[in-house]
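# Architecture at a glance
Each chain is listed here by its residues.
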Amino acid sequence: AVMQAMDLALRGGSYLTIGYRSFGRHYYAAVQSPWSRWSQPSGEEGLYVGIQASPHADVTLLASANLYKNRWLTYKCQSPSSGHKFRINLSYTPVKWNEITLRVRMDGNEVTSAAANHRLQQEKRVSYKLQYQSSPVDWVRFKGGIEIIHYRKEREASSDGVWLSQEIKISFDKLCKMRATLYMAHFDTDDYNSRVYAYMPDVLYTMSTPMFSGRGVVAMGQISLNPHPDLSLALRIKHVRYLDRDKIGTGNEEVDGSRKSEVKLQLRYKLFHRFG
């Protein structure tokens, strides 16, 4: 594997990053490489260019382009292929406690399938997301947004999806350092191709980015207490209701019905402290 990158500090507080990578066909990564397109980058070669700039004191721009080609097989393509990933993130912060962000993602890959006699086909996915954060007082924060997804693969019918979410977080530092979060979302996608990945709040040491497809609603409530520096207690309840099916999941995780609930209870006590 060959990896080389260069960071340049430009005038006005802007930064430019240029990186090149080339992985041999027999290269194996023990953990996923952040430079690669796929989890195993065997036979992948690519060029990455990213820039961060602040054209105005209240505006931050992040943009990147990732061009790559695979000299070997991938799990979605049975022949050498190429693709691209473009990202644009524009944030506007008129005041310290308000932020509006516009994010655009454009992905394009060459894929093959038995249905098309393993012929190379261009697969494109575009995502537009508008998000806001507001904290008018110290103990309340509002966060919400809308995401629109468009998927297309050559002559096949396109697939579209939309995601609407709203989150309210309340903090009471004088009351056992209590934190309460209420999260609600609605999703409506044509099929799996226009699926939505959404980051959701979760208990300590747990990251939750579930995938949703079809049509339905999500509700999540979480409360945590920290009565002592060494003791914390958290309760999280999540409920999903689908509006377009009467079975959820596949295989051993299949559930009869259109609703699914999840409950997490976490109790943490710190036994040892760092010395020195």
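Description of the structure in this document. All of these numbers come straight from a predicted model, not from anything done at the bench. (Residues numbered from 1 in each chain as written. Predicted model: local features only at pLDDT ≥ 70, side-chain atom pairs only at ≥ 80, totals over all residues. Heavy atoms only, no water.)

### Looking at the overall build of the protein
Per the secondary structure count, the protein includes 0 helices and 17 strands. For the protein, buried positions account for 33% of its 276 residues. Once local pairs closer than 6 in sequence are excluded, the contacts in the protein between residues at least 24 apart make up 46%. For the protein, the exposed surface amounts to about 17,500 Å²; the carbon and sulfur share of it is 58%. (Helix = DSSP H or I, 4+ residues; strand = E, 2+ residues; numbered from the N terminus. Buried < 20%, exposed > 50% of the residue type's maximum accessible area, 1.4 Å probe, protein only. Contact = heavy atoms within 4.5 Å. Areas by Shrake-Rupley, 256 points an atom, 1.4 Å probe, with all protein chains shown as cover.)

### Considering the pairing of strand β2 (residues 15-22)
Of the strand pairs in this sheet, strand β1 (residues 2-9) and β2 are connected by 8 bridges, and their pairing is antiparallel. The residue bridging Gln4 from the neighbouring strand is Tyr20, located in β2. What sits between β1 and β2 in their antiparallel hairpin is a turn of 5 residues, with Gly12 showing a positive phi close to 80 degrees. Where β2 and strand β3 (residues 44-56) come together, 8 bridges link them in antiparallel fashion. Residue pairing in the sheet places Tyr20 in a bridge with Leu47 of β3. (Pairing = 2+ DSSP bridges.)

### Remarks on the pattern of salt bridges
In this structure the tally under the stated criterion is 14 salt bridges. One salt bridge connects Arg141 with Glu167, and the closest N-O pair in it is separated by 3.0 Å. On the criterion of sequence distance, the pair formed by Arg141 in strand β8 (residues 140-153) and Glu167 in strand β9 (residues 159-172) is long-range, its members being 26 residues apart. A residue is classified by how much of its surface remains accessible, and Arg141, at 25% relative accessible area, is partly exposed. (Salt bridge = Lys/Arg side-chain N within 4 Å of Asp/Glu carboxyl O.)

### Remarks on the environment of Glu45
Counting through the fold element by element, Glu45 comes out in strand β3. Along the sequence, Glu45 and Asp138 sit 93 residues apart, while their C-alpha atoms lie 47 Å from each other. Excluding residues within four positions of it along the chain, Glu45 makes contact with Tyr20, Arg21, Ser22, Leu67, Tyr68, Lys69 and Arg71. At 2.6 Å, the side chain of Glu45 and the side chain of Tyr20 are in polar contact. Only 3.1 Å separates the side chain of Glu45 from the side chain of Arg71, close enough to count as a polar contact. (Polar contact = N/O pair within 3.5 Å; in protein donor to acceptor, adjacent residues only side chain to side chain.)

Everything listed here is a matter of coordinates, which is why it stays silent on function.
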